[in-house]
Amino acid sequence: MSQNITERQKSESSWKKKKSMLTSDRLPDDVLIDILSRLPPKSLIRFRCVSKSWSSTITNPFFITTHLNQAKSLSNGYLLYTRLPVEFLCGKELCAVVYNRDRTLTQVSKYEIPFSGSRILGICNGLFCLGSHRVLNLWNPCIRKFKKVLDSTRFTRFCRHIALGLAYCSQNNDYKIVRMLCFEELNGEGKLIPALAEVYTLSRDSWNLIRISVDSLNRFEPNGSIDRIDESPCVFFNGALHSIAYIGNYKFILSFDVNDETFREIMLPNDYLNGVHLRFEKLVVFKGSLSLIVFVQAEDEEGDVLHIWVMREYGVVKSWTKKSVPMEKVGQFIGCTDNGELLIKKIGTGLVLFDPESRNEENLGIKNATWAAYTTNFLESLVLFDGVNV
């Protein structure tokens, strides 16, 4: 710990010295730094050629963090989509569209996806995790840089279920990829291998192996080990990654704090599936709260009913509340906007925005999207600045 603090102090000292080198006859140093932090990455890359001091400052980790925080304060909601089969993304375009406050769309960028046979497995602060569960790449499309993630361990080939998430660690300005693994193989003693988590840390460029252990689950015999996990991308919220997990017939939310690398159990609403025919469900962040979107078949079997379960107080099971809305021709649920509208792919229509309060529905005019996501943190950042050029 003391070594990390010393390295951080050295970095901060170096940062202050570099700030002082950016002298100007017209602008104070802090003003110049503030101006640079507001510029897009493409401009900053060009401005490295101005001088050695500018280049050193722009590539300094503390400036990159300052630039990222500035981008967060100015960020809008973005709809990301491709019309092409996800299995064949290489050389194709990923479209980024700003969702404006007047409910209009403005296309801002198109990016050529550089990897073949890759799926988009996670998005965080403009950083993408692409690949399969075994072969992963981190990609920053704004600066056309990528980093191949080193293969982790020998464990993935024995897995029955794998959940993956990409997260930002606020304590040390770092990024982590987390793979949660459930097995079907027996160990040498004839027992199932307990659930494990592989944690990749970008700054160290290495993996760490952690046993998934939750004290509250020890009430389940024989050892409270998870035997199944939802393979949808994990939801990053409140500094933790979340996924639906199972011990036998018991279902709950498994939370992994990316800063202290600990697991906890979060209970789902009591008996929320009693008497209904489940079509699909998904964890989301809805209006700033961890939530569960549940689509069930209507009683008359003529459509669906959407249940929005919102956890008003994080981690408190009694705070779950429900709102129900009838819907028709739902093919796929994509995500939620900042103001609580739902992005849905409807059969025969394509992507639509649905307001569960007014029940108004808006056709976005995007019919053939085979992959789509809504994110509030698609930021133009300098993360992976020292990565490989695409």
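Quick note: structure is the one above.
Residues numbered from 1 in each chain as written. Predicted model: local features only at pLDDT ≥ 70, side-chain atom pairs only at ≥ 80, totals over all residues. Heavy atoms only, no water.

> Would you explain the overall build of the protein chain in this entry?
A count of helices and strands for the protein chain gives 5 helices and 26 strands. Among the 390 residues that make up the protein chain, the fraction classed as buried is 49%. Considering only contacts in the protein chain between residues 6 or more positions apart, those separated by 24 or more positions represent 50%. (Helix = DSSP H or I, 4+ residues; strand = E, 2+ residues; numbered from the N terminus. Buried < 20%, exposed > 50% of the residue type's maximum accessible area, 1.4 Å probe, protein only. Contact = heavy atoms within 4.5 Å.)

> Would you mind showing me how to read the sheet that holds strand 1 (residues 77-82) here?
The pairing of strands in a sheet happens through backbone hydrogen bonds and is either parallel or antiparallel. In spatial order, the strands read 3-2-1-25; together these 4 strands make up an open sheet with antiparallel pairing. Either end of the sheet is taken by a strand with one partner, and the two such strands are strand 3 (105-112) and strand 25 (371-375). Neighbouring strand axes in the sheet, compared pairwise and without regard to direction, differ in orientation by 20° on average. Bridge analysis of strand 1 against strand 2 (residues 93-99) gives 5 bridges, and the strand direction is antiparallel. Within strand 2, the residue paired with Tyr 81 across the bridge is Cys 95. (Pairing = 2+ DSSP bridges. Axes fitted to C-alpha atoms, helices over the stretch in contact; angles between N-to-C directions.)

> Is there a simple way to think about the nonpolar core in this case?
Side chains that are nonpolar tend, in soluble globular proteins, to be buried together. In terms of nonpolar packing, the biggest core is built from 25 residues, with Met 180, Ile 212, Ile 226, Leu 254, Phe 256 and Phe 263 touching the most fellow members. Breaking this core down by element, the ones donating at least two residues are strand 8 (159-169), strand 9 (174-183), strand 10 (196-201), strand 14 (240-247) and strand 15 (250-257). Discounting chain neighbours no more than four positions away, the residues touching Met 180 are His 161, Ile 162, Ala 163, Leu 196, Ala 197, Ile 212, Ile 229, Cys 234, Leu 254, Phe 256 and Phe 263. (Core = buried A, V, L, I, M, F, W, Y, C linked by side-chain atoms within 4.5 Å.)

> Help me understand helix 2 (residues 29-37) in this model?
The α-helix winds at 3.6 residues per turn, so residues separated by three or four positions along the chain end up facing the same way. Along helix 2, the residues that are buried comprise Leu 32, Ile 33, Leu 36 and Ser 37. Seen along its axis, helix 2 keeps its buried residues to an arc of 135°; they face one direction. (Arc of directions from axis to C-beta.)

> Before we go on, may I ask you to explain the pattern of salt bridges in this structure?
When the charged atoms of two side chains with opposite charge come close together, those side chains can pair. In the structure shown here, the tally under the stated rule is 7 salt bridges. Across the salt bridge formed by Lys 251 and Glu 281, the nearest N and O atoms sit 2.6 Å from each other. Linking Lys 251 in strand 15 with Glu 281 in strand 17 (residues 278-286), this pair joins segments that are 30 residues apart in sequence. Here Lys 251 falls in the buried class, since its relative accessible area comes to 17%. Classification of Glu 281 as buried rests on a relative accessible area of 13%. The salt bridge involving Glu 357 is made with Lys 323; its shortest N-O contact spans 4.0 Å. One end of the pair, Glu 357, is in the loop between strand 23 (350-354) and strand 24 (361-363); the other, Lys 323, is in strand 20 (residues 320-327), and 34 residues separate them in sequence. A relative accessible area of 54% means that Glu 357 is categorised as exposed. (Salt bridge = Lys/Arg side-chain N within 4 Å of Asp/Glu carboxyl O.)

> Would you take a moment to explain the sheet that holds strand 18 (residues 289-297) for this structure?
The strand order across the open sheet formed by 4 strands is 17-18-19-20, and the pairing between neighbours is antiparallel. In this open sheet, the two edge strands, each paired with only one partner strand, are strand 17 and strand 20. In this sheet, adjacent strand axes meet at a mean angle of 20° when their direction is disregarded. Bridge count between strand 18 and strand 19 (residues 304-311): 7 bridges; the pairing is antiparallel. Across the sheet, residue Leu 292 finds its bridge partner in strand 19, namely Trp 309.

> Can you help me understand the environment of Val 294 in this one?
Looking at where Val 294 falls in the secondary structure, it is placed in strand 18. Distance from Val 294 to His 307, taken between C-alpha atoms, is 5.0 Å for residues 13 residues apart in sequence. Setting aside its immediate chain neighbours within four residues, Val 294 contacts Tyr 272, Leu 273, Leu 278, Phe 280, Glu 281, Val 305, Leu 306, His 307 and Trp 309.

> I'm lost on unusual backbone geometry in this one. Help?
It is generally the case that most residues other than glycine have a negative phi and that most peptide bonds are trans. Of note, Asp 271 is a non-glycine position whose phi angle comes to about 50°, a positive value. By the secondary structure assignment, Asp 271 is in the loop between strand 16 (262-266) and strand 17. The exposed category is assigned to Asp 271, whose relative accessible area is 58%. Backbone geometry places Lys 287, a non-glycine residue, at a positive phi of 50°. Locating Lys 287 in the fold gives a position in the loop between strand 17 and strand 18.

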